[in-house]
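Here is how the chains run, residue by residue.
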Amino acid sequence: MDTVIIRIYGPLKFKITNRTLFLPELIKREYAELSLTERTSIRPYLRLYRLHPKKQEDYLPRVEVYETLTKDRKSIRYVLKIEFSVPKLLYWNSLQEVSEKDGQRVFCALKSALESVGIIIALETIAKASVSTVHACKNIPLPHTIRMREVINELAKIDLNKAFDVSDKQCKKGSRVLNIYSGTIDWSIYDKISDSLRPKNKRSDKGRINQERAVVERYSLQNQEVFRYEYRIKKTQTVKREINSFLGRDYQTQVVFEDLFTPNLLKSLVINSWNLLIKRPENQLSLFGKIDSLKLFLHILAEAKKRDEKAHSMNNALTAYGLAIAIRDHGAKETRGAIFDVWNTDHPERLTKKIKLASELTKGLPYSNNIMFIDNALNKFELITLTSLENGI
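Residues numbered from 1 in each chain as written. Predicted model: local features only at pLDDT ≥ 70, side-chain atom pairs only at ≥ 80, totals over all residues. Heavy atoms only, no water.

K.L.:
Explain unusual backbone geometry here, please?
P.N.:
Trans peptide bonds make up the majority, and among non-glycine residues the majority have a negative phi. In the segment running from G10 into P11, the intervening peptide bond is cis, with an omega of 5°. Looking at where P11 falls in the secondary structure, it is placed in the loop between β1 (3-9) and β2 (15-16). Looking along the chain, the bond that leaves L23 and enters P24 is cis, with omega of -10°. With respect to the secondary-structure elements, P24 resides in the loop between β3 (22-23) and α1 (36-39). For R73, which is not glycine, the phi torsion reads 60° and is therefore positive. A positive phi is found at W92, a non-glycine position, where the angle reads about 70°. For W92, a relative accessible area of 28% corresponds to the partly exposed category. (Helix = DSSP H or I, 4+ residues; strand = E, 2+ residues; numbered from the N terminus. Buried < 20%, exposed > 50% of the residue type's maximum accessible area, 1.4 Å probe, protein only.)

Here it is in structure tokens:
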């Protein structure tokens, strides 16, 4: 787990003792003070106040206060939005990972951090705060036989559907970031160590840059590559869908902060989201290991013959082989695009069906060594702790 956004809805759930730390300065208003325009406004909020504290060494979350109308539009309600990195709150870096047993420590640390800037909230209120965003993450140290560049080269060939875009960003000094994103969920994959050493405005993770660099230097990790996997659930409804499904609850049940420390929840989010990437038929064709083209052809022919010895099965085998080679070499999205540049796109399900068959006929071929290593490490889900850093990750 890394970034979390929680919301606490007033009144009486929080108290702010130093309103001058907000820009603009926080002013509490009564309903009678609102103008007619404000009372009839359809905007999601009337005013927004952002916390701008004096610089300090301790980690502070981002805090915003929204002035909104209640549902009956007859009174004012203030909503506290808190965004923070859970591992940085505890350790000042996100290389170390948080355990599901750390819930109480996190609640106490967040309470203390907020009190340092005059925001008073009870521990129970923090634990029961509603969650609107959560990033389920995992760090995997790579052996020297596997390079991050090779892993991203392979994963950049995958595709999901029209709702997602894939961006493979090349950075200076050779580092790369693979982003797969939509309006509600994102994936971000990059080398955690090289990202930690980049300038703040160039990083994927922009917080607590000096402390994170210090950890890298203290444990001599400059030449180590760490596969960083982030599955970012960005909207309240998506959070409800993903987490309530795991917990066996009704979809509309409100997800609260303490739910995120349920045993195996984050592991499940990470592994299920990873499987969503690699187990789609077209992505299986993108990611299988190196194999001679003739051996691939013979494998597909043998699998097709097991199903049916008629001429139709031979046609299926030839089509499957062509798709397998194209997707392996150029990626699923590029292959689809090339085909639809030439043929009509009115029935894309026909191509999807052929790709699925090609995936079935390559059954038995393993993923590449790089993908298998990542897959095994995610399923083991061994956390990086201070002890593992001291022993050398």
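More follows now that the structure is in view.
K.L.:
Is there a simple way to explain the pattern of salt bridges in this structure?
P.N.:
Working definition: two side chains of opposite charge can pair if their charged atoms are close together. As enumerated under the stated definition, the model contains 22 salt bridges in all. Put simply, R241 and E242 hold a salt bridge, and the shortest N to O gap is 3.4 Å. Residues joined by salt bridges that share partners form a network here, namely D2, R228, E230 and R232. (Salt bridge = Lys/Arg side-chain N within 4 Å of Asp/Glu carboxyl O.)

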